[in-house]
Amino acid sequence: MTLVETDITAQYTTVAERRAWLSIPVFARPERGFSYEQKIAILAEASAQTEPDDVTVTSWLVVIAELPEKL
């Protein structure tokens, strides 16, 4: 595999948007440790300490790579 390009990008979302996203069961994984209900309770407690319109920033590393045509 050959590295073609990398970039770091920022995603800006509100606390309300982030809470909604993290409330979706598939994104509340892994299933080890806390139950889904416990995770939602923790999320609610953490969200209560902020304002719904507060902006959060998440940095993402974007990697583009190519496989050689012949392995």
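First things first, this report covers the structure right here in the doc. Given the structure is predicted, the values throughout are model-derived calculations rather than measurements.

Scoring rules and cut-offs
- Residues numbered from 1 in each chain as written.
- Predicted model: local features only at pLDDT ≥ 70, side-chain atom pairs only at ≥ 80, totals over all residues.
- Heavy atoms only, no water.
- Helix = DSSP H or I, 4+ residues; strand = E, 2+ residues; numbered from the N terminus.
- Rg over C-alpha atoms; globule rule 2.2 N^0.38 Å.
- Buried < 20%, exposed > 50% of the residue type's maximum accessible area, 1.4 Å probe, protein only.
- Contact = heavy atoms within 4.5 Å.
- Patch = residues over 30% accessible without salt bridge, like charges linked within 9 Å, V, L, I, M, F, W, Y side chains within 5 Å.
- Areas by Shrake-Rupley, 256 points an atom, 1.4 Å probe, with all protein chains shown as cover.
- Salt bridge = Lys/Arg side-chain N within 4 Å of Asp/Glu carboxyl O.
- Expected span 1.5 Å × (residues − 1).
- Arc of directions from axis to C-beta.

### Notes on the overall build of the protein chain
Now for step 1: Of the regular secondary structure elements, the protein chain holds two helices and two strands.
Now for step 2: For the protein chain, the succession of helices and strands along the chain, N to C, is β-α-α-β.
Now for step 3: What you see for the protein chain is a C-alpha radius of gyration of 17 Å, clearly larger than the 11 Å of a compact globule of 71 residues, by over 25%.
Now for step 4: Over its C-alpha atoms, taken along the principal directions, the protein chain stretches across nearly 50 × 30 × 15 Å.
Now for step 5: Within the protein chain, buried positions represent 11% of all 71 residues.
Now for step 6: Restricting the contact set of the protein chain to residue pairs at least 6 apart, pairs at least 24 apart contribute 79%.

### A word on a nonpolar patch on the surface
Now for step 1: A cluster of nonpolar residues, Trp21, Leu22, Ile24, Val26 and Phe27, forms a patch on the protein surface that exposes about 450 Å² of accessible area.
Now for step 2: As for its position among the elements, Trp21 is in helix H1 (residues 15–22).
Now for step 3: Its relative accessible area of 49% is what places Trp21 among the partly exposed residues.

### Quick look at helix H2 (residues 36–47)
Now for step 1: The first and last C-alpha atoms of H2 sit 16 Å apart over 12 residues, in line with the 16 Å expected at 1.5 Å per residue.
Now for step 2: Here H2 has its buried residues at Lys39, Leu43 and Ser47. Taken end-on, H2 shows its buried residues confined to a sector of 70°, consistent with a single buried face. For H2, the exposed residues lying more than 90 degrees away from the buried face are Glu37 and Glu45.
Now for step 3: Elements that come into contact with the buried residues of H2 comprise H1.

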